[in-house]
Amino acid sequence: MDVMGLFSGLTQGFSAYKAAVETLDEAKISAATNELTVQLAQVGAHVFAMHEKATQAADREATALARIRDLEEQVRELEKRNRDFSRYDLVEDYPGTFTLRIKEVARNGEPLHYLCPSCRDNKAVKSILQFQDSKKRLAGCPACKTQYRFQDEPARKPRPPLTTVGSMRR
Ligand SMILES: [Zn+2]
């Protein structure tokens, strides 16, 4: 039953109750009282249900708003990350080794550095390559452990010539 139906039922119940009271007939008063009690209980249950629905709707709205805020935050974060990645160029500073190098114009006082392209492409992670020696020949990605060569290893000193068989003899 809708709210209007419930309230008109209640109004009728009250009228019937008042009419019954005026008759001073206990049986009628008792019946009207019962009827009114039933109607009040129905209205009470309905109001309670409406309150429940309103509470649930408010909860859903709050959840939706929180989700929207969360998504907006994620979008801002992605935009920020993309802006940061756009400061780098894909370069081949050593034949066959591709890395992301900070653009000169975008350095803003930062030292020259390189990012791991696999971490950017696969995980959208900014991982600065760390050189493994002061000569900057080889650098490693701290996140995925890929190694990137930047320079050749120094040429090894030629081995001393093998001792001739003759000199081994005593
Ligand atoms: Zn990496």
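Anything mentioned here points back to the structure above.
All values derive from a computational prediction rather than experimental measurement.

## As for the overall build of the protein
Here is step 1 of the chain: On a plain count of helices and strands, the protein comes out with four helices and six strands.
Here is step 2 of the chain: When the helices and strands of the protein are listed from N to C terminus, the series reads α-α-β-β-β-α-β-β-β-α.
Here is step 3 of the chain: Computed over its C-alpha atoms, the radius of gyration of the protein comes to 42 Å, more than 25% above the 15 Å expected for a compact globule of 170 residues.
Here is step 4 of the chain: Referenced to the eigenvectors of the C-alpha coordinate spread, the extents of the protein come out at roughly 145 × 50 × 25 Å.
Here is step 5 of the chain: Taking all 170 residues of the protein together, 9% fall into the buried category.
Here is step 6 of the chain: By sequence separation, contacts in the protein at least 24 residues apart represent 27% of the contacts at least 6 residues apart.

## Section: helix α1 (residues 3–23)
Here is step 1 of the chain: Over its 21 residues, α1 extends 30 Å from the first C-alpha to the last, a length consistent with the 30 Å expected when each residue adds 1.5 Å.
Here is step 2 of the chain: Buried within α1 we find Gly13, Tyr17 and Ala20. Along the axis of α1, the buried residues cluster in a sector spanning 65 degrees; they form a single face. Along α1, exposed side chains directed more than 90 degrees from the buried face belong to Met4, Ser8, Thr11, Ser15, Lys18, Ala19 and Glu22.
Here is step 3 of the chain: Structurally, α1 contributes buried residues whose contacts are with α2 (26–85).
Here is step 4 of the chain: A positive backbone phi angle near 60 degrees is found at Leu24, which sits one or two residues after α1.

The rules we used
Residues numbered from 1 in each chain as written. Predicted model: local features only at pLDDT ≥ 70, side-chain atom pairs only at ≥ 80, totals over all residues. Helix = DSSP H or I, 4+ residues; strand = E, 2+ residues; numbered from the N terminus. Rg over C-alpha atoms; globule rule 2.2 N^0.38 Å. Buried ≥ 20, exposed ≤ 12 C-beta atoms within 10 Å, placed from the backbone. Contact = placed C-beta atoms within 7 Å. Expected span 1.5 Å × (residues − 1). Arc of directions from axis to C-beta.

Shape descriptors only; they carry no functional weight alone.
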